[in-house]
Amino acid sequence: MDILYISGSPRKKSNTDFLLRTALSITGGRFLKLADYEIAPCRSCWVCLRTGQCAIKDALSGTIAPMLRASDAIVLGSPVYFNNVSAQLKTFMDRTWFLKGDLKNKIGGAMVVGRRYGSESALTAMQAFFLKHEMIPANRGVCGIAYQTGDIEQDLEAVESAKRLAGRIHELGKMLGHAGEHPKPQAGGNESREGGLDIAG
Ligand SMILES: Cc1cc2nc3c(=O)[nH]c(=O)nc-3n(C[C@H](O)[C@H](O)[C@H](O)COP(=O)(O)O)c2cc1C
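Bear in mind that the values here come from a model prediction, so they are computed numbers and not experimental data. All residue numbers refer to position in the chain's written sequence, counted from 1. Thresholds applied to this predicted model are a pLDDT of at least 70 for local features of residues and 80 or more for the giving and counting of side-chain atom pairs; totals over whole chains, interfaces and linings are not thresholded and use all residues.

Undergrad: Would you mind going over the overall build of the protein in detail, with residue names and values included?
TA: Only DSSP runs of H or I with at least four residues qualify as helices, and only runs of E with at least two residues qualify as strands; both kinds are numbered from the N terminus onward. A tally of regular secondary structure across the protein gives six helices and seven strands. Helices (α) and strands (β) of the protein occur, in sequence order from the N terminus, as β-α-β-α-α-β-α-β-α-β-β-α-β. Residues are called buried when their C-beta atom has 20 or more other C-beta atoms within 10 Å, exposed when it has 12 or fewer, and partly exposed otherwise; all C-beta atoms are positioned from the backbone. Counting every position in the protein, which comprises 201 residues, the buried fraction comes to 43%.

The following block contains the structure:
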């Protein structure tokens, strides 16, 4: 099963990354940090509606799109910024408009980390992404409470919740016939793949 973990946090030692990697350490998969890539915002040129291709040629259409198509599950993670996802994650989501139908029936996981306000709205934005693409949301999402880097390790409920999401993705993957497949070859780029447990069977 190929699981792609995508972080919208620009921060090093990010709280969001910690939760994503907690789940990744259980399921295995690839980790992609959007801030490592140059991704332009959608221009609303609508070329994709006519051609099925994105008119902007950058990391999203070049490197990341094939990774999305190859994945069985996509887990989005973001810090809460002004009651919503980060600009990095929003830009990413907008730019996937041209992938119409390509993400259908993939499993979607959502994780947000905020200090206090707006986590629910950020989760809703991610769930809207899954529904727009006719993906299958694994559950209601993980909501971490943290401010400074490293704070998330004190939020034991969020860490537990990340582990539970990993288990749920595995469960859904089995139901959909994904579990037990070997990871697919990596596309080039800054993403990293980690082994995790062998969850076959
Ligand atoms: C520009 C900006 C806006 C933020 N807005 C919110 C917010 O609306 N609500 C909130 O609870 N925390 C907000 N925060 C705090 C971050 O969500 C918090 O520090 C989080 O732990 C960052 O996650 P990260 O370490 O993965 O980047 C904001 C932080 C920044 C930099």
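Now that the structure has been shown, we can carry on.
Undergrad: Describe the site of the ligand, with residues and values.
TA: Ser9, Ser14, Thr16, Pro79 and Gly114 are the nearest of the 19 residues found near the ligand. Looking at the shell around the ligand, the elements with two or more residues in it are α1 (15-27) and β4 (107-114). Of the residues contributing to the shell around the ligand, the split by class is eight nonpolar, eight polar and three charged. We call a residue near a molecule or strand if the C-beta atom, set from the backbone, is within 6 Å of it. Each residue gets one label: Ala, Val, Leu, Ile, Met, Phe, Trp, Tyr, Cys and Pro are nonpolar, Asp, Glu, Lys and Arg are charged, and the others, such as Gly, are polar.

Undergrad: Provide a residue-level description of the pairing of strand β2 (residues 29-33), including the pertinent values.
TA: A large share of β2 lies buried, amounting to five of its five residues. With four bridges connecting them, strand β1 (residues 3-7) and β2 associate as parallel partners. Across the sheet, Leu4 pairs through a bridge with Arg30, a residue of β2. Once the chain exits β1 it traverses α1 before rejoining the sheet at β2, and the crossover so formed is right-handed. One requirement defines pairing of two strands: DSSP has to find at least two bridges between them. Place the viewer so that the strands point away; then a crossover is right-handed whenever the path from the first strand over the helix to the second strand goes clockwise.

Undergrad: I'd like a rundown of the nonpolar core, residues and numbers included.
TA: A set of buried residues qualifies as a nonpolar core if it consists of Ala, Val, Leu, Ile, Met, Phe, Trp, Tyr and Cys joined through C-beta atoms within 7 Å. Counting 50 residues, the largest nonpolar core has Tyr5, Ile6, Leu19 and Val75 as the members making the most contacts within it. Each residue is represented by a C-beta atom placed from its backbone, and any two residues with such atoms within 7 Å are regarded as in contact. Ignoring anything within four residues of it in the chain, the contact list for Val75 reads Ile3, Tyr5, Ile6, Leu20, Ala23, Gly109 and Met111.

Undergrad: Account for the pairing of β4, with residues named and values stated.
TA: With eight of its eight residues buried, β4 lies for the most part within the structure. Alternating positions in β4 separate into two faces, Ile107, Gly109, Met111 and Val113 on one and Gly108, Ala110, Val112 and Gly114 on the other, with burial throughout. Two strands pair when backbone bridges link them, and strand β3 (residues 73-79) and β4 are joined in this way by seven bridges, in the parallel orientation. Bridging from a neighbouring strand, Gly77 pairs with Met111 of β4. Taken together, β3, helix α4 (residues 87-95) and β4 constitute a β-α-β crossover, and its handedness is right-handed. Taken together, the four bridges between β4 and strand β6 (residues 142-145) define a ladder with parallel strand orientation. By the bridge assignment, Val113 is partnered in β6 with Gly144.

Undergrad: Before we move on, could you go through unusual backbone geometry and cite the residues and values that matter?
TA: In this structure, Asn83 is a non-glycine residue whose phi angle is positive, near 65°. Under the C-beta neighbour-count criterion, Asn83 is labelled partly exposed, with 13 such atoms within 10 Å. The phi torsion at Glu134 lies on the positive side, around 55°, for a residue other than glycine. Secondary-structure assignment places Glu134 in the loop between α5 (119-132) and β5 (136-137). For Glu134, a count of 12 C-beta atoms within 10 Å puts it in the exposed group.

Undergrad: Please set out helix α3 (residues 59-70) residue by residue, giving values where relevant.
TA: Helix span is expected to be 1.5 Å times the residue number reduced by one. Between the first and last C-alpha of α3 there are 16 Å, a value that for twelve residues agrees with the 16 Å anticipated at 1.5 Å per step. Of all the residues in α3, the buried ones are Ala59, Leu60, Ser61, Ile64, Met67 and Leu68. One side of α3 carries all its buried residues, which in axial view fall inside an arc of 165°. Buried residues in α3 make contact with β1, β2, β3 and α4. The arc under discussion is defined with respect to the helix axis, by the directions toward the C-beta atoms.

Undergrad: Quick rundown of the environment of Ala59? Include the residues and the values.
TA: Here Ala59 lies in helix α3. The exposure class assigned to Ala59 is buried, which follows from the 20 C-beta atoms found within 10 Å. Here the alpha-carbon distance between Ala59 and Glu38, two residues 21 residues apart in the chain, equals 6.1 Å. Excluding anything up to four places from it in sequence, Ala59 contacts Tyr37, Glu38, Ile39 and Ile64.

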